[in-house]
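Chain by chain, the residues:
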Amino acid sequence: MTGPARSAPSAACGPDELRTLFLFEKLTEDQLARLCADGRVELIESGPVYAEGEPASCFYVLIEGALVLSRRVGADDVEISRTSQRGVYAGAFQAYLGDRVPQVYTASLRVSEPSRFFVLPADALARLMREWFPMAVHMLEGLFLGMRTAQQAIGQRERLLALGSLSAGLTHELNNPAAAAVRAASALRERVAGMRHKLALIASGPYDRATLGILIRLQEEAVERVAKAPALTPLEAGDREDAVTDWLDDHGIAGGWDLAPTFVQAGLDLPWLEQVAGSVPDAIREGAVRWLNYTVETELLMNEIEDSTARISTLVAAAKQYSQLDRAPYQRVDVHELLDSTLVMLAGKIGDGVTVVREYDRALPKIPAYAAELNQVWTNLIDNAVAAMDGVGTLTVRTAPSQDHVVVEIADTGPGVAPEIRDRIFEPFFTTKPVGAGTGLGLDISWRIVVTKHHGDLSVESVPGDTRFRVRLPAEPADELAV
């Protein structure tokens, strides 16, 4: 913003003129005279008057002319009000709260034509408010500070509820691979014990050195095939199991129906079984097949344990990424890593009825951000999308460039946001969820994180079947970051 507009004293402040302004119409003659004594009337030429974030030193009341109020959103000044109504006020109107709130201008003010203002210093406004309207000041303090305290408390509660929900989902996600690993380890113990027993039989049986060499070679081949086993559909697996069972029965190997699923899962087909049958004497064929079965089972169980523990490790890494426990609070991050970790954390809540589609532009640069807080934004938006779809639909997460910004879009196929409430969804405490199901702070918190803290933008486009919440974040850091 350029320098402040030029101003000069205008005609002397008159009580009769102040009384024509709705803000002062109920004041007494003495009070109006006191205002004129403490304040002044100024004529301000077109241009900026004060900038958002500067110390709030004066209270401005429009006598005649026109003013424009704007807020800084990202790199843009967004106009929030334009009026020529006499008596409208701006500036240090929270001066009566003292040092309990930051005494800075909450918006930028400029005049679009030469305008006259009644200007009152902030300390004078605070003194007069407390002297003339003590009860009103107490009530305003209670309203303002009470609402802020309630917002902070409920915001903390919102975070705790989200954390509890995520913890429950993470516990469920961790329990499945952990239980699978425990079951596989128990079964592996049994199979290893069986292998020891079978090894004792082999050692005492009619196996010469050449035959033992063949068994060891077949064992190594079986292990290699397990690593390369193709993924089969249930129908394909069933057909192959029937064929292997018939082959085992035809070759006099009892319990073929019990061995066949293991061989099929390991990728051991009929040609390979024929190779086994042709490599060993008929007398030891069944013993050789069962020895190979133990080998394959132990290998499959070890694979299951490896997969389960890898899944646990992935979940723990996602939780670490989500919480950013090992990261500085502000640094350059890959939004895709943040989005993926949030989706992992919310997998239990998303459920099987929602199809997750990722449309990522991997060429996007890393952006400067408070990663853990952006994860909270993704959590709120994804949670709302899943709730809107009632657990059934498609959740699409997109990323794309937009000039000097990075855009993240969370889209769902729910019924959409009604036009009559679309302008209110970012208001504190506003919610469309049933009583007790939401605090109405999720989108308000998201708005403050994106707009206030990251100097970005959060918007929504919605029609039935296609609702899109769009987050725009600067690709380069702003001159000053909100803290």
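Note: the structure precedes this text.
Residues numbered from 1 in each chain as written. Predicted model: local features only at pLDDT ≥ 70, side-chain atom pairs only at ≥ 80, totals over all residues. Heavy atoms only, no water.

Enquirer: Could you clarify how one ought to interpret the overall build of the chain in this entry?
Expert: The number of helices and strands found in the chain is 13 helices and 16 strands. Within the chain, buried positions represent 43% of all 483 residues. Excluding contacts between residues fewer than 6 apart, the proportion of contacts in the chain whose partners are at least 24 apart in sequence is 75%. With an accessible surface of roughly 25,100 Å², the chain has 55% of that area assigned to carbon and sulfur atoms. (Helix = DSSP H or I, 4+ residues; strand = E, 2+ residues; numbered from the N terminus. Buried < 20%, exposed > 50% of the residue type's maximum accessible area, 1.4 Å probe, protein only. Contact = heavy atoms within 4.5 Å. Areas by Shrake-Rupley, 256 points an atom, 1.4 Å probe, with all protein chains shown as cover.)

Enquirer: Explain the side chain of R116 here, please?
Expert: Among the structural elements, R116 can be located in strand β9 (residues 115–121). Here R116 falls in the buried class, since its relative accessible area comes to 11%. Engagement of the side chain of R116 in a polar contact is seen with the side chain of E17, the distance being 3.0 Å. (Polar contact = N/O pair within 3.5 Å; in protein donor to acceptor, adjacent residues only side chain to side chain.)

Enquirer: How do you make sense of the environment of A369 when you look at a structure like this?
Expert: By the secondary structure assignment, A369 is in strand β12 (residues 367–369). Put simply, A369 and P474 are 105 residues apart on the chain and 9.0 Å apart in space, counted from C-alpha to C-alpha.

Enquirer: Honestly, a negative patch on the surface in this entry has me stumped. Any pointers?
Expert: A cluster of acidic residues, E236, D239, D242, D246, D249 and D250, forms a negative patch at the surface. The exposure class assigned to D249 is partly exposed, which follows from its relative accessible area of 43%. (Patch = residues over 30% accessible without salt bridge, like charges linked within 9 Å, V, L, I, M, F, W, Y side chains within 5 Å. Salt bridge = Lys/Arg side-chain N within 4 Å of Asp/Glu carboxyl O. Lys, Arg positive; Asp, Glu negative; His and termini not counted. Charge placed at Lys NZ, Arg CZ, Asp CG, Glu CD.)

Enquirer: Just checking my understanding: could you explain the packing of aromatic side chains for this structure?
Expert: Ring pairs (aromatic) are described by centroid distance and by the angle formed between their planes. A complete count under the given rule lists 5 aromatic pairs for this structure. On the basis of an interplanar angle of 10 degrees and a centroid distance of 3.7 Å, the ring pair of Y50 and Y105 is categorised as stacked. Taken together, the positions of Y50 in strand β3 (residues 47–50) and Y105 in the loop between β7 (89–91) and β8 (108–111) put the pair 55 residues apart, joining distant regions of the chain. Using a relative accessible area of 5% as the deciding quantity, one classes Y50 as buried. (Phe/Tyr/Trp six-rings, centres within 6.5 Å; stacked < 30°, edge-to-face > 60°.)

No statement about biological role is implied by the geometric values presented.
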